[in-house]
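Summary of the model geometry
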Amino acid sequence: MAESRVGSPVPEVIEVRPDERFDEANLAAYLSGKLEGSERPLEVQQFAGGHANLTYLLRYGEGEDIIEYVLRRPPLGPVAASSHDMHREYRVLSKLWRVFPMAPRAFLYCDDPSVIGADFLVMARRHGVVVRDVIPDQFGGGRDPVANRKLSEVVIDTLVDFHSIDPSSVGLEGLGKPAGFLERQVTGWAGRFERAKTWEIEVAEDVNRWLRDNLPESPPPTLVHNDWKLDNMAVAPDDPGRCIAVYDWDMCTLGDPLCDLGTLLGLWSDPGEGLAGSNPMPTQSVGFLPRAEAAERYCERRGIDPATVPYYVVFGTFKMAVVLQQIYFRYHRGQTQDERFAALGKLAEGLFELASKRRDGC
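What comes next concerns the included structure.

**Here's the deal with the sheet that holds strand 4 (residues 65–73)**
Taken together, six strands build an open sheet; the order of strands is 1-2-3-4-6-5 and the sheet is antiparallel. Of all strands in the sheet, those bounded by a partner on one side alone are strand 1 (13–14) and strand 5 (106–110). Relative to strand 6 (residues 120–124), strand 4 runs antiparallel, the two sharing four bridges. Paired with Tyr 69 across the two strands is Ala 124, which belongs to strand 6.

Quick look at the structure:
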């Protein structure tokens, strides 16, 4: 297995995909007067990354006199509101930025589908580098062990900082129900898998049973992001160890913080392992913390016993497999035409297999 993946990063913004367009004039009319600069002509582009919620760049003005915002809406086709909840994301981001500067501020939420065809929010635009499966050349292209270690540390350390926030300090203490959170999560993701199946996957059923039968005791509850990973983060263009923004807050709630760690470590493959997921983090790059050391770093900083972390890694791997299966299900049913999704069914099956191997190592 190569130490790093080398290639061309996905462009940040593209022209809006044909089946993901909306009436831009209608949006411009709705936003006019509601945002700074919104009386000017509006240009819309689409952010290329991501597989779920659709994210667009809104640009007002030209030359040096430009004001930019980001619009987010749920994906096309029937979706589970609990996992694409724009109002929840707005609720979080309209408050969290005050105590967690990496959370972009949300300015407005619209629940009128006549504007663009779905509810949406508009939030601040952050300028940083999103690292997906390839470390960009400006950080050494995967060959700089110092830069790679910084990336591995910042994704862990920013999670620790997030979990250290007092929810009541920004009025988010009522965001969720921490009691029984882990059990509901395991049951809920199993149900999502059942509803998104396109064929029987026996190994997924086996892992699901094991997760239900081996629930550990949760640590004290915190705010939980529920999709914490490197490509939901932007780092400074001149420093891969400095976080500029954290994105995708539509599933944020109160609950078991180790679920966030498990989501992250489920996508964290060590050299010699298969790459995890459709956009695997470049964790096999030289200098990147091994998964076990990343877990130890988190637990040491938060004063948590790492003994139960392997369970959460299995759950995080299972959960991300279900996410890919849900996206593939929409493609399989013709609810989206995005050809990037054609291979996700097999990738989901591979993640279920990986969850099984990690379970056997517990």
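**Concerning the pattern of salt bridges**
Counted by the stated rule, this structure contains 27 salt bridges. Close ionic contact of Asp 231 with Arg 132 constitutes a salt bridge, the shortest N to O distance being 3.6 Å. Of this pair, Asp 231 sits in the loop between strand 7 (222–224) and strand 8 (233–236) while Arg 132 is found in the loop between strand 6 and helix 3 (145–163), placing the two residues 99 residues apart along the sequence. Between Asp 239 and Lys 150 there is a salt bridge, with its nearest N and O atoms 3.7 Å apart. One end of the pair, Asp 239, is in strand 9 (residues 239–246); the other, Lys 150, is in helix 3, and 89 residues separate them in sequence.

**Regarding helix 6 (residues 258–266)**
Most of helix 6 sits out of view: nine of its nine residues are buried. Within helix 6, burial applies to Leu 258, Cys 259, Asp 260, Leu 261, Gly 262, Thr 263, Leu 264, Leu 265 and Gly 266. Those residues of helix 6 that are buried lie in contact with helix 3, helix 4 (181–196), strand 7, helix 7 (291–302), helix 8 (309–332) and helix 9 (344–360).

**A look at the pairing of strand 3 (residues 54–62)**
With seven of its nine residues buried, strand 3 lies for the most part within the structure. Pairing analysis gives five bridges linking strand 2 (residues 42–47) to strand 3, with the strands arranged antiparallel. Paired with Gln 45 across the bridge in strand 3 is Leu 57. Across nine bridges, the pairing between strand 3 and strand 4 is antiparallel. Note that in strand 4 the partner of Thr 55 across the bridge is Arg 72. Connecting strand 3 to the next strand, strand 4, in antiparallel fashion are two residues, including Gly 63 with a positive phi near 65°.

**Observations concerning the packing of helix 6 against helix 8**
The geometry of helix 6 relative to helix 8 is characterised by a closest axis approach of 7 Å and an angle of 65° between their N-to-C directions. By the criterion of interaxial angle, the relationship of helix 6 to helix 8 is roughly perpendicular. Between helix 6 and helix 8 the crossing geometry is right-handed. Here helix 6 contributes Leu 258, Cys 259, Leu 261, Gly 262, Thr 263, Leu 265 and Gly 266 to the contact with helix 8, which in turn contributes Val 309, Tyr 312, Val 313, Phe 315, Gly 316, Thr 317, Lys 319 and Met 320. Of the residues assigned to the contact of helix 6 with helix 8, the class counts are nine nonpolar, five polar and one charged.

**Side note on the packing of helix 4 against helix 5 (residues 202–213)**
Direction vectors running N to C along helix 4 and helix 5 enclose 165°, while the axes themselves pass 10 Å from each other. Here helix 4 is positioned roughly antiparallel relative to helix 5, judged by the angle of their axes. In this structure, helix 4 crosses over helix 5, and the sense of that crossing is left-handed. Residue-level inspection shows Val 186, Ala 190, Phe 193 and Glu 194 of helix 4 in contact with helix 5, the latter providing Ala 204, Glu 205, Asn 208, Leu 211 and Arg 212. Looking at the contact of helix 4 with helix 5, its residues break down into five nonpolar, one polar and three charged.

**Topic: helix 9**
In this model helix 9 runs 24 Å from its N-terminal to its C-terminal C-alpha over 17 residues, within 8% of the 24 Å that 1.5 Å per residue would give. Listed as buried for helix 9 are Leu 344, Gly 345, Ala 348, Leu 351, Phe 352, Leu 354, Ala 355, Ser 356, Arg 358 and Arg 359. Those residues of helix 9 hidden inside the fold are in contact with helix 4, helix 5, helix 6, helix 7 and helix 8.

Procedures and definitions
Residues numbered from 1 in each chain as written. Predicted model: local features only at pLDDT ≥ 70, side-chain atom pairs only at ≥ 80, totals over all residues. Heavy atoms only, no water. Pairing = 2+ DSSP bridges. Helix = DSSP H or I, 4+ residues; strand = E, 2+ residues; numbered from the N terminus. Salt bridge = Lys/Arg side-chain N within 4 Å of Asp/Glu carboxyl O. Buried < 20%, exposed > 50% of the residue type's maximum accessible area, 1.4 Å probe, protein only. Contact = heavy atoms within 4.5 Å. Axes fitted to C-alpha atoms, helices over the stretch in contact; angles between N-to-C directions. Parallel < 35°, antiparallel > 145°, perpendicular 65-115°, else oblique. Left-handed = near helix turned anticlockwise from the far one by under 90°. Nonpolar A, V, L, I, M, F, W, Y, C, P; charged D, E, K, R; others polar. Expected span 1.5 Å × (residues − 1).

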